[in-house]
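So you can see what is in the structure, the chains are spelled out below.
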Amino acid sequence: MAPTVLFFMLGSTPLAEMLVGAAERPYAIGNIAALAPADAALALGGTHRLSDYDLYGFSIGPAEQRIFTAAELVRLGKANRLVLGGSTQSIPGKPGVPTMSLVQNWLAASGLATARVTHLGICANTHDEALQFRKLKEAEGWQKVLLVTSALHMRRAEAVFQKQGVDVTPVACDFQVYGVPRTSGFSSPFPRQHRLDLLSLYLHEQIGWWVYKWRGWV
C-alpha cells in the first residue's frame, strides 16, 4: 500500500507546486527594464531537439523560452551579443557541428536576432557550458553577462558559473508554477500528470545540485 499512498499523495495534492514555486520565487525579477546593460546575454541549452522533417531541421523543446528571452533582451538593448548554450550532439553527417548551429541559423533567418549570435559548441551539461563560456568571455573581454535559463534551473546554473569565476546577472524564464495561474487545487482525488511532471523536474534539480556539489562544480 505504501507506493500507492505515496503516488496519490504526490499526484493528488499541491505538494509539487509548492516545492517548485518555492524554488522559482527568488528569481522572479518582474521588471526587465531595470536591468543594467550587459555585454552579452547567454541562453543555456536544452531548448531544442533534432527533427529531420521540420523546416529548419530541429524542433523547439519545452525550454524554448530561454531563446526568446535572451533574444528579446538583446532587442531591448540590454545586451550587445546573443550567445546560445551548448548542444549535446552533432548534426548527423557533420561531426563537430553542434545542433545548436541550426537554432543559430533559424534566429538569423527569422529576424529574431538583432545582434551577432554565437553558440558554445558541444557541451554535455551546464558545467561544460560554464567552461566554454569562460573562454569566450575572456577572449571577448566581456565584463557583464546576463544568464538566461529556466527559473527552476537557475540556482544550480548561477552557482556553476560563479565557481568558474564568471559573474552573471540571473534572468529567469520558463516559470512552471510561480506567477502561473493554476486551476487545480484539491479539486480531484486522482493523481494529475502535470504534478508528477513537476515533481520530476524538481527532483532532477535537487539531485543535480548534490551531484554537482560532490564533483566540486558548485
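Here the structure is a predicted model, which means the values were calculated and not measured. (Residues numbered from 1 in each chain as written. Predicted model: local features only at pLDDT ≥ 70, side-chain atom pairs only at ≥ 80, totals over all residues. Heavy atoms only, no water.)

Q: I'm lost on the packing of helix α2 (residues 15-24) against helix α7 (residues 193-215) in this one. Help?
A: Helix-helix packing: each pair is described by the crossing angle between the helix axes and the interaxial distance. One can describe the packing of α2 onto α7 by two numbers: an axis separation of 9 Å at closest approach and a directional angle of 40°. By the angle class used here, α2 and α7 are oblique. Here the hand of the crossing between α2 and α7 comes out left-handed. Across the interface between the two elements, Ala16, Glu17, Leu19, Val20 and Ala23 of α2 pack against His194, Arg195, Leu198, Leu199 and Tyr202 of α7. Taken together, the residues of the contact of α2 with α7 break down into seven nonpolar, one polar and two charged. (Axes fitted to C-alpha atoms, helices over the stretch in contact; angles between N-to-C directions. Helix = DSSP H or I, 4+ residues; strand = E, 2+ residues; numbered from the N terminus. Parallel < 35°, antiparallel > 145°, perpendicular 65-115°, else oblique. Left-handed = near helix turned anticlockwise from the far one by under 90°. Contact = heavy atoms within 4.5 Å. Nonpolar A, V, L, I, M, F, W, Y, C, P; charged D, E, K, R; others polar.)

Q: What am I meant to see in the nonpolar core here?
A: A general trend in soluble globular proteins is that nonpolar side chains are found buried together. In terms of nonpolar packing, the biggest core is built from 26 residues, with Leu42, Val83, Leu120, Phe133, Leu147 and Phe161 touching the most fellow members. At the level of secondary structure, the elements contributing two or more residues to this core comprise β1 (38-43), α5 (126-140), β8 (145-150), α6 (151-163) and α7. No other element matches α6, which puts six residues into this core. Apart from the residues within four sequence positions on either side, valine 83 is in contact with Ala40, Ala41, Leu42, Ala43, Thr118, Leu120, Phe133, Leu136 and Trp142. In terms of nonpolar packing, the next biggest core, distinct from the first, is built from 24 residues, Ala71, Ala79, Leu84 and Leu107 among them. (Core = buried A, V, L, I, M, F, W, Y, C linked by side-chain atoms within 4.5 Å. Buried < 20%, exposed > 50% of the residue type's maximum accessible area, 1.4 Å probe, protein only.)

Q: Looking at this structure, I do not really get the pattern of salt bridges. What am I missing?
A: Charged atoms that come close allow side chains of opposite charge to pair. Scanning all chains against the criterion turns up four salt bridges. Glutamate 17 is the salt-bridge partner of arginine 195, the closest N and O atoms lying 3.1 Å from each other. Residue arginine 195 is found in helix α7, and its partner glutamate 17 is found in helix α2; the two are separated by 178 residues along the sequence. With respect to class, arginine 195 is no different from glutamate 17; both count as buried. The partner of glutamate 140 in a salt bridge is arginine 81, with the nearest N and O atoms 3.7 Å apart. A residue pair is termed long-range when its members are at least 10 positions apart, and glutamate 140 in helix α5 and arginine 81 in strand β4 (residues 79-84) qualify at 59 residues. The exposure class assigned to glutamate 140 is partly exposed, which follows from its relative accessible area of 35%. A residue is classified by how much of its surface remains accessible, and arginine 81, at 10% relative accessible area, is buried. (Salt bridge = Lys/Arg side-chain N within 4 Å of Asp/Glu carboxyl O.)

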